[in-house]
Amino acid sequence: MIIKFSDKTDEIIKTLALKAQDFGVKVYFVGGLVRDVIMGKEPLDIDILVEGNAVDFVSSLDFVQIKSVHKDFGTIKTQINGTDIDFASTREECYPYSGCLPVVEKIGCNIECDLKRRDFTINSIALEITPDGDYPLIDPFCGQNDIKNRTLKVLHKKSYIDDPTRILRGLDFKLRFGFDFSVQDKKLIEEYLKSPDREGLSIDRVILTLNKLFCDNTRAVPAFREFCNKKYYRILYDDKNFSPQKIEQALKVFKIKDFGDVYVKYIIDPAAQIVPLNTRLEIYKYFKTLTPVELCVYYAGTDDKNALLYFEELKDIKLNIKGSDLLALGCKQGREIGAVLDKVLEAKLALNSRIFNYEDEIEFVKKNLIL
C-alpha cells in the first residue's frame, strides 16, 4: 500500500524501519492512520505498533526525544525531528469488570493478538513498516471491507459489555465518517442497554469519550440527539429526562461558543434544582460564582428565569469603589466595609438605578451610608 508522507517524515519512517530490523522487532502503522489511508484521506497522527516492547525499542534510539512513558501499557510518546510519533507495544488485555479500564496480561504478543483486543474491525488493521517503503496490509478481521461498506462491527459479542464506551466511539465514527452499526451490533447494543452492568464503570473513561464525541460543534448537536433517542445515557443511568431542545436553547441564550463542555456537564452532572433567591443582590451573588458552562447547564435543567435575569441584566454590573475609598470616607475596617459595599452594589443592581460610575457610587455612600 502507498502512503504519501512529507520527505522529512518519510525519511524518519525508513530510519525507524531499519532500526527495528537491527533491534529484532517488527513495526506497524495502526489506528486512525491506517483507516484514513484506506478511506483516501491524508494521514494526520502517526501511531506505530511495536511487535515486542515499544519502551525498550524506543529507548535504544538516540535520535528520539521522549515526551512521556506509560510502562504498564507499554506506550511511549515521542518527537522525532519535530514530528510527534506515538509508539505502543503489542499487548493482550482483559476486563475484570464491565466498563473498567483493561488489565494488561502480556506485553509483546504477536500482531494478530493485539489487533484482536481492539474496538471495531475498522481499527483492527495494521500496515507493516518495511525498510524498502512497502506497507503490507494485515487485516485478519476484514476491516478493510467494513471501511468500504461504512459498517461498524465489534470483534466479539462481549465487546460492548467489556467497554460500553465503544457505543459512544461508534457514534463518533458514525457522525464523522457516515458509518453505521451493523445489524448484529445494533442488537448487541440494545441488549447491553437493557441491563447495563456499571459495577466497574470508569467514569473518567466515559468523560474522555464524551469530550471527544462533542468536540466539534457541528457534530455535537446531532450526537446529543442520538445519545438521547437511542438511550445511550443508560451507560450511566437507568433513566434520565434529558432534553435536547432545552440544552440547544440554553446554548443559544447564553451564547456558548464551544458546545462540548456544556453537553458533557449536562450528562455527567444533570441534577439541577432551582435555588430560591429573593433579591437581585442574591441572584447576582449566586450566579456570579458559576462558570458560563455551569450557568447554561443550570438553566437547561431548571428553566429558572433568575438565570436569565442575571445573564441579560446583572452579570456585567460591577462596583468601581473599593475598601480603601470607604476608609477614606470614614468607614471602619472589618465587617462594616463589606456591608457598605453590599449596600452600594444592591442599589446599583436595583431597577431604574441611577448609579452608573465611580462618582455616583461615592455620592450614594455620602448621602445614604456615612453618618
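Everything discussed here concerns the structure shown above.
Let me sum up the structure you'll find in this document. Since this is a predicted model, take the numbers as computed values, not measurements.

Here is what the cut-offs are and how they apply
- Residues numbered from 1 in each chain as written.
- Predicted model: local features only at pLDDT ≥ 70, side-chain atom pairs only at ≥ 80, totals over all residues.
- Heavy atoms only, no water.
- Helix = DSSP H or I, 4+ residues; strand = E, 2+ residues; numbered from the N terminus.
- Rg over C-alpha atoms; globule rule 2.2 N^0.38 Å.
- Contact = heavy atoms within 4.5 Å.
- Areas by Shrake-Rupley, 256 points an atom, 1.4 Å probe, with all protein chains shown as cover.
- Lys, Arg positive; Asp, Glu negative; His and termini not counted.
- Charge placed at Lys NZ, Arg CZ, Asp CG, Glu CD.
- Core = buried A, V, L, I, M, F, W, Y, C linked by side-chain atoms within 4.5 Å.
- Buried < 20%, exposed > 50% of the residue type's maximum accessible area, 1.4 Å probe, protein only.
- Pairing = 2+ DSSP bridges.
- Expected span 1.5 Å × (residues − 1).
- Salt bridge = Lys/Arg side-chain N within 4 Å of Asp/Glu carboxyl O.
- 1 Å grid on protein atoms, 1.4 Å probe; cavity = no way out; pocket = protein on both sides within 12 Å on 5 of 7 lines; lining within 4 Å.
- Points joined across faces, edges and corners; volume = space filled by probe spheres on them.
- Nonpolar A, V, L, I, M, F, W, Y, C, P; charged D, E, K, R; others polar.
- Axes fitted to C-alpha atoms, helices over the stretch in contact; angles between N-to-C directions.
- Parallel < 35°, antiparallel > 145°, perpendicular 65-115°, else oblique.
- Left-handed = near helix turned anticlockwise from the far one by under 90°.
- Phe/Tyr/Trp six-rings, centres within 6.5 Å; stacked < 30°, edge-to-face > 60°.

Moving on to the overall build of the chain. For the chain, the helix and strand inventory stands at 18 helices and 11 strands. Whereas a compact globule of 371 residues would reach a radius of gyration of roughly 21 Å, the chain reaches 28 Å, over 25% beyond that. In terms of its C-alpha atoms, the chain occupies a principal-axis envelope of roughly 90 × 50 × 35 Å. The contacts in the chain between residues at least 6 apart in sequence include a share of 65% that link residues at least 24 apart. Accessible surface computed for the chain: about 19400 Å², of which carbon and sulfur atoms make up 48%. Between the averaged position of the 55 positive side-chain charges in the chain and that of its 58 negative side-chain charges there is a distance of 5 Å.

This paragraph deals with the nonpolar core. Where a protein is soluble and globular, its nonpolar side chains tend to be buried together. Judged by nonpolar contacts, the single largest core of 96 residues is most densely connected at F29, I48, F87, F214, F224, F227 and F254. Among the elements that make up this core, the one with the highest residue count is helix 14 (residues 292–302) (seven residues). Dropping the residues within four chain positions of it, F29 is found in contact with I3, F5, I13, V34, I46, D47, I48, I125, A126, L127, I129 and Y135. Of all hydrophobic cores here, the second largest spans 11 residues; its members include L326, C331, V344 and F364.

Here we take up the sheet that holds strand 4 (residues 75–80). Read across the sheet, seven strands follow the order 3-4-5-2-1-8-9 without closing on themselves; strand pairing throughout is mixed. Only two strands of the sheet have a single neighbouring strand rather than two, namely strand 3 (65–70) and strand 9 (137–138). For strand 1 (residues 26–29) and strand 2 (residues 46–51), the ladder comprises four bridges, and the chain directions are antiparallel. Pairing of F29 across the sheet is with I48, part of strand 2.

Next up on the list: helix 12 (residues 260–268). For helix 12, the set of buried residues is G260, V262, Y263, V264, Y266 and I267. Those residues of helix 12 that are buried are in contact with helix 9 (203–213), helix 10 (217–229), helix 11 (244–253) and helix 14.

Looking now at helix 7 (residues 165–177). Given a rise of 1.5 Å per residue, 13 residues ought to cover 18 Å, and the 18 Å separating the end C-alpha atoms of helix 7 matches this to within 8%. The set of residues buried in helix 7 consists of T165, R166, I167, L168, G170, L171, D172, F173 and F177. Two residues or fewer past helix 7, G178 is found with a positive phi of approximately 75°.

The subject of this paragraph is the pattern of salt bridges. Note that side chains of opposite charge can pair when their charged atoms are close. Scanning the model with the defined rule gives 26 salt bridges in all. Residue R117 is joined to D114 by a salt bridge in which the shortest nitrogen-to-oxygen separation is 3.1 Å. Residue classification places D114 among the buried residues on the basis of a relative accessible area of 0%. The residue D316 makes a salt bridge to K315 at a minimum N-O spacing of 3.2 Å.

What follows concerns the layout of surface pockets. Of the pockets and cavities examined, the largest pocket occupies roughly 1700 Å³. Lining of the largest pocket is provided by 47 residues; of these, D47, R91, R118, R169 and K212 occupy positions nearest its centre. Counting residues per element, the lining of the largest pocket draws most heavily on helix 7, at seven residues. The residue inventory of the lining of the largest pocket, partitioned by class, reads 18 nonpolar, eight polar and 21 charged.

Here the focus is the packing of helix 11 against helix 12. The interhelical angle for the contact between helix 11 and helix 12, taken along N-to-C directions, is 140°, at an axis separation of 11 Å. The angle between the axes of helix 11 and helix 12 places the two elements in the oblique class. For the pair helix 11 and helix 12, the sense of crossing is right-handed. Residues I247, E248 and L251 of helix 11 touch helix 12, and the partners they reach there are V262, Y263 and Y266.

What follows concerns the packing of aromatic side chains. Tallied over the entire structure, the rule returns 25 aromatic pairs. Measuring from ring centre to ring centre gives 4.9 Å for F224 and Y263, while their planes differ by 40°; the resulting arrangement is tilted. Of this pair, F224 sits in helix 10 while Y263 sits in helix 12, placing them 39 residues apart in sequence. Judged on exposure class, the residue F224 and its partner Y263 are both buried.

Any link to function would need more than the numbers given here.
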